[in-house]
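As a plain string of letters, each chain reads:
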Amino acid sequence: MKKEDEIKFDHNNDGIDRRGFLKCMAWAGTGTLCVMKGGVLNSFSLSKLNELDPAAAMGELSFVQISDSHMGFNKPANPDVVGTLKAAIEKINALPGNPEFLLHTGDITHLSKPEEFDNVQQILKDAKVKEAFYVPGEHDVAIDEGKEYMERYGKGTKGAGWHSFDKNGVHFVGLVNVVNLKAGGLGTLGHEQLEWLEDDLKGKKSSTPIVVFAHIPLWSVYPQWGWGTEDSAQALSYMKKFGSVTVLNGHIHQTMQKVEGNVTFHTAASTAFPQPAPGKADSPGPMKVPAEQLRSVLGVTSVNFVRGQKALAIVDSNLG
Amino acid sequence: MKRTVRILGMGFLLVAGFVYATGWRKQTNAATLSQPQMAHEMAAEVKIDNFSFGPATLEIKAGTKVTWTNADDIPHTVVSNDKVFKSKALDTDEKFSFTFDKPGTYPYFCSLHPKMTAKVVVQ
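Criteria and cut-off values
Residues numbered from 1 in each chain as written. Chains lettered and ligands numbered in written order. Predicted model: local features only at pLDDT ≥ 70, side-chain atom pairs only at ≥ 80, totals over all residues. Helix = DSSP H or I, 4+ residues; strand = E, 2+ residues; numbered from the N terminus. Buried ≥ 20, exposed ≤ 12 C-beta atoms within 10 Å, placed from the backbone. Contact = placed C-beta atoms within 7 Å. Axes fitted to C-alpha atoms, helices over the stretch in contact; angles between N-to-C directions. Parallel < 35°, antiparallel > 145°, perpendicular 65-115°, else oblique. Left-handed = near helix turned anticlockwise from the far one by under 90°. Nonpolar A, V, L, I, M, F, W, Y, C, P; charged D, E, K, R; others polar. Expected span 1.5 Å × (residues − 1). Core = buried A, V, L, I, M, F, W, Y, C linked by C-beta atoms within 7 Å. Pairing = 2+ DSSP bridges. Arc of directions from axis to C-beta. pLDDT = per-residue confidence, 0-100.

Right, let's get into the overall build of chain A. A tally of helices and strands in chain A yields six helices and 14 strands. For chain A, with 320 residues in total, the buried portion stands at 51%. Of the contacts made within chain A by residues no fewer than 6 positions apart, 72% connect residues no fewer than 24 positions apart.

Structure below.
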């Protein structure tokens, strides 16, 4: 088991305290490569990818994350969400080595309509991955309390769609924090799901790398805009014994990373439209960028797990 | 004489009854006619814009019909904290209306973006 004290940061001369936060934010127009070793995440700008040792980006397990495809959205911020989702799939198919599977971290659709779900399903058929795993975003449960979502993706899941699975020694947990939201509050996991999570993780060895994925960030990105989860601290408390925990989220339509103790948090870009940086606009509504810049602020995340090094290499690529 | 009085009395009662009935009918007509007008007067609007409800506190009289319109590019809902009313997800420019008959304070929020809260105060 790796204790928090044993974690050694490769500072990359960033001057960030090893017990402090590592925050690397990639807003419009950039992507980030993140390599996690022993619970520590190092990030590199995509523009410097050629300076990186290619071995660091390859591993025994690789998967991709896409998020917030918002099928059905047709406003000026992006009138062609079909086109940009297809571009994301092309990006995935062009990756070196086939990713094992795809994670979609929610807001698959814009309004939970059957035809919107159908559209995404059809487009994702072209992705060269063996499997796809999902968690719902609030837009996927907007009109029917998640009925349509559960009919399509609920098989083998519990509650509102939470589930876990193992791949190549890595334990993956998909959490749902978009149902039964309370007035004035943030994302919520709820008592039933927390109990399930505690039980799910109980039998796992502390050396097992854990990857948690959920729609709304499980850390307080910007609570004023609802970008956080009420009871995420409780969920994370069940993961303290693990040496390597990676949390993948969507919802905020921009990439952002943070390391706190043994946990690396990572949010993925949307394949549909960008949203402003926290507090940088009146509201978190869609950010309108010039059409020629749009694809540079949308993206795909690919993740490589390297056995033995407990490393996850997280690469955010834009669709440009 | 007694009989005349009785007839006159009956006549009076008949006339009184007729006037009463007509008057009552007039009142009924007046009420029926003025109802749509009243509903028209007793209406209020809430605009959903920039992830907020405006006005955040809406003060109205009982019987007022409140209409919410979503002016955002993102869908929102209008959901009473106490489950008194609940809209479907409103896409851009879609509307939801609810008539408040009972006085009281009605806090509500967007169930998709629960940081969006507001209230209707009915007098």
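Text resumes after the structure shown.
Let us look at the overall build of chain B. A tally of regular secondary structure across chain B gives one helix and eight strands. Starting at the N terminus and walking to the C terminus, you meet the elements of chain B as α-β-β-β-β-β-β-β-β. Considering only contacts in chain B between residues 6 or more positions apart, those separated by 24 or more positions represent 47%.

Right, let's talk about the packing of helix 1 (residues 81–93) of chain A against helix 2 (residues 114–124) of chain A for a bit. Residues and elements named next belong to chain A. The contact between helix 1 and helix 2 brings their axes to 10 Å, and the two run at 30°. Judged by the inter-axis angle, helix 1 sits roughly parallel to helix 2. Handedness of the helix 1/helix 2 crossing: right-handed. Residues Val82, Leu85, Lys86 and Ile89 of helix 1 touch helix 2, and the partners they reach there are Asn119, Ile123 and Leu124. Each residue belonging to the contact of helix 1 with helix 2 can be placed in one class, and the counts come to five nonpolar, one polar and one charged.

Attention now moves to helix 4 (residues 191–202) of chain A. The first and last C-alpha atoms of helix 4 of chain A sit 17 Å apart over twelve residues, in line with the 16 Å expected at 1.5 Å per residue. Buried residues belonging to helix 4 of chain A abut strand 8 (170–174) and helix 5 (232–237) of chain A.

Another aspect to go through is the nonpolar core. All names here are of chain A. Ranked by size, the top nonpolar core spans 80 residues in total, and within it Leu175, Val176, Val212 and Ala214 carry the most contacts. Considering every element that reaches this core, the biggest residue donor is helix 1, with five residues. Not counting chain neighbours up to four residues away, the residues in contact with valine 212 comprise Val173, Leu175, Leu218, Val245 and Val247.

Let us look at the interface of chain A and chain B. At the junction of the two partners, chain A supplies 18 residues and chain B supplies 19 residues. Considered class by class, the residues forming the side of chain A that touches chain B number nine nonpolar, five polar and four charged.

All names here are of chain B. Taken in spatial order, the four strands line up as 3-8-7-5 in an open sheet, and their pairing is mixed. With partners counted over all chains shown, the strands left at the sheet margins are strand 3 (57–60) and strand 5 (79–80), one partner each. Of the pairings in the sheet, the one linking strand 5 to strand 7 (residues 104–109) comprises two bridges and is antiparallel in character. Considered in strand 7, the bridge of valine 79 is made with phenylalanine 109.

This part covers the environment of leucine 112 of chain B. Note that leucine 112 of chain B resides in the loop between strand 7 and strand 8 (117–122). C-beta crowding within 10 Å serves as the criterion here: with 21 such atoms nearby, leucine 112 of chain B is assigned to the buried category. Once the C-alpha coordinates of leucine 112 of chain B and histidine 76 of chain B are considered, the two residues, 36 residues apart in sequence, prove to be 6.3 Å apart. Setting aside residues no more than four positions away along its own chain, leucine 112 of chain B makes contact with Glu138 and Ala142 of chain A together with Pro75, His76, Thr77 and Ala89 of chain B.

Bringing the sheet that holds strand 4 (residues 64–70) of chain B into the picture now. Residues and elements named next belong to chain B. Spatially, 2-1-4-6 is the arrangement adopted by the four strands of the open sheet, whose pairing is mixed. In this open sheet, the two edge strands, each paired with only one partner strand, are strand 2 (52–54) and strand 6 (95–100). Within this sheet the neighbouring strands show an average axis-to-axis angle of 20°, counted without direction. Bridge count between strand 4 and strand 6: six bridges; the pairing is antiparallel.

We now examine the environment of lysine 280 of chain A. Looking at the element boundaries, lysine 280 of chain A is found in the loop between strand 12 (263–267) and helix 6 (291–294). Separated by 218 residues in sequence, lysine 280 of chain A and serine 62 of chain A have C-alpha atoms that sit 34 Å apart.

Take the environment of threonine 67 of chain B next. Residue and element names in this part refer to chain B. Assignment of secondary structure puts threonine 67 in strand 4. Accessibility expressed as a C-beta count within 10 Å gives 14 for threonine 67, which makes it partly exposed. Each residue touching threonine 67, except ones within four places of it in the same chain, is listed here: Ala43, Glu45, Lys95 and Ser97.

Residue and element names in this part refer to chain B. Of the two faces of strand 4, the one holding Thr64, Val66, Trp68 and Asn70 is buried and the one holding Lys65, Thr67 and Thr69 is not buried anywhere. Across six bridges, strand 1 (residues 43–49) lies against strand 4 in parallel orientation. Across the sheet, the residue bridging to alanine 43 is lysine 65, located in strand 4.

Our next topic: helix 1 of chain A. All names here are of chain A. The end-to-end C-alpha separation of helix 1 is 18 Å, in line with the 18 Å expected for 13 residues at 1.5 Å each. Along helix 1, the residues that are buried comprise Val81, Thr84, Leu85, Ala88, Ile89, Lys91 and Ile92. Down the axis of helix 1, the buried set is contained in an arc of 155°. They therefore lie on one face.

So, on to unusual backbone geometry. With an omega of 0°, the peptide bond running from glycine 54 of chain B to proline 55 of chain B counts as cis. The residue proline 55 of chain B is located in the loop between strand 2 and strand 3 in this model. Backbone geometry places aspartate 68 of chain A, a non-glycine residue, at a positive phi of 50°. With respect to the secondary-structure elements, aspartate 68 of chain A resides in the loop between strand 4 (61–66) and helix 1. Of note in this structure, histidine 251 of chain A is not a glycine but carries a positive phi near 75°. Here histidine 251 of chain A is to be found in the loop between strand 10 (245–249) and strand 11 (255–260).

Another point: the confidence of the model for chain A. Regions with low pLDDT should not have their predicted coordinates read in detail. Per-residue confidence for chain A gives a mean pLDDT of 80; residues scoring 70 or more make up 77%. In this model, residues 1–50 of chain A is a region of pLDDT below 50 whose contacts with residues beyond four sequence positions or in other chains number 99 contacts.

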